[in-house]
Amino acid sequence: MKKKKIIITSIFLVLIAITAIYTITSAVLSYRYHMSLDNPDLQKWAGMGAAFILMVGGFIVFYESDLFYTVYYFIIRPKTVLKSIIVVLSNFTLILIFFSEKIADFVKIHFHKIVEGPYEDSIIPMGLFWIYVILKIVIWIIGLREEMSKDISDL
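Residues numbered from 1 in each chain as written. Predicted model: local features only at pLDDT ≥ 70, side-chain atom pairs only at ≥ 80, totals over all residues. Heavy atoms only, no water.

## Observations regarding the overall build of the chain
Across its full length, the chain carries six helices and zero strands. Across the chain, helices and strands are ordered from the amino to the carboxyl terminus as α-α-α-α-α-α. On C-alpha atoms alone, the chain measures out to a radius of gyration of 21 Å, which is more than a quarter above the 15 Å that the 2.2 N^0.38 rule sets for 155 residues. Principal-axis analysis of the C-alpha atoms places the extent of the chain at approximately 75 × 45 × 25 Å. Intrachain contacts of the chain at a sequence separation of at least 6 include 70% that bridge at least 24 residues. For the chain, the accessible surface area stands at approximately 11200 Å², while carbon and sulfur atoms represent 74% of it. (Helix = DSSP H or I, 4+ residues; strand = E, 2+ residues; numbered from the N terminus. Rg over C-alpha atoms; globule rule 2.2 N^0.38 Å. Contact = heavy atoms within 4.5 Å. Areas by Shrake-Rupley, 256 points an atom, 1.4 Å probe, with all protein chains shown as cover.)

## Remarks on the packing of aromatic side chains
Per the stated rule, a full pass over the model turns up nine aromatic pairs. Pairing F68 with Y72 gives two aromatic rings, centres 5.7 Å apart and planes at 40°, and the pair type is tilted. Of the two residues, F68 and Y72 are both situated in helix 3 (residues 46-75); the distance of four residues between them amounts to about one turn of the helix. Between the aromatic rings of Y73 and F74, the centroid separation amounts to 5.1 Å while the plane-to-plane angle is 75°, which identifies the pairing as edge-to-face. Residue classification places Y73 among the buried positions, given a relative accessible area of 1%. Members of the aromatic cluster, connected to one another through ring pairs, are F62, F129, W130 and Y132. (Phe/Tyr/Trp six-rings, centres within 6.5 Å; stacked < 30°, edge-to-face > 60°. Buried < 20%, exposed > 50% of the residue type's maximum accessible area, 1.4 Å probe, protein only.)

## Focus on the pattern of salt bridges
According to the stated counting rule, one finds one salt bridge in the structure shown. Where K136 meets D66, a salt bridge forms, and the shortest distance between an N and an O atom there is 2.8 Å. Remark: D66 occurs in helix 3 and K136 occurs in helix 6 (residues 120-154); sequence separation between them is 70 residues. (Salt bridge = Lys/Arg side-chain N within 4 Å of Asp/Glu carboxyl O.)

## Focus: helix 3
Here helix 3 is 30 residues long and its end C-alpha atoms lie 44 Å apart, about the 44 Å a rise of 1.5 Å per residue gives. The set of residues buried in helix 3 consists of A46, A50, G57, V61, Y63, E64, D66, T70, Y72 and Y73. (Expected span 1.5 Å × (residues − 1).)

In structure tokens form, the structure reads like this:
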């Protein structure tokens with residue numbers, strides 16, 4: 001069991017480290033490229049490409065961390081049906097954020113009265129992220145309940 005923990009943790013730490021290093025390297029290269037151009041109009045926005053790369057890379061690292069928790073939960077931790085469903089749903093919610101533009105297009109076509117206004121493009125990803133946060137809080141509460149019931153039964 002301890003060997004599984006070490007292997008899973010090592011794999012995900014290496015994956016997260018590679019992603020973080022690649023993201024930072026790409027952002028620096030993007031910034032240097034745009035600053036080396038002789039066009040001053042492009043130099044005004046040189047940091048925006050690097051910032052975008054860092055945002056996407058940060059989200060990918062965040063997702064990899066959540067995926068580590070999911071894999072660790074299903075391979076190592078004791079499972080309950082309710083907690084397993086919520087763990088899968090929370091991970092699925094993060095995946096849906098990648099496809100939020102397609103979901104927003106679908107919602108605009110079929111439910112255009114609901115999603116109108118200046119922030120219509122950010123409603124879906126923010127809603128999915130808050131659903132993710134709520135599901136993670138529920139997982140935390142379920143874990144606390146399990147620990148409290150275990151402590152009470154030990155008395």
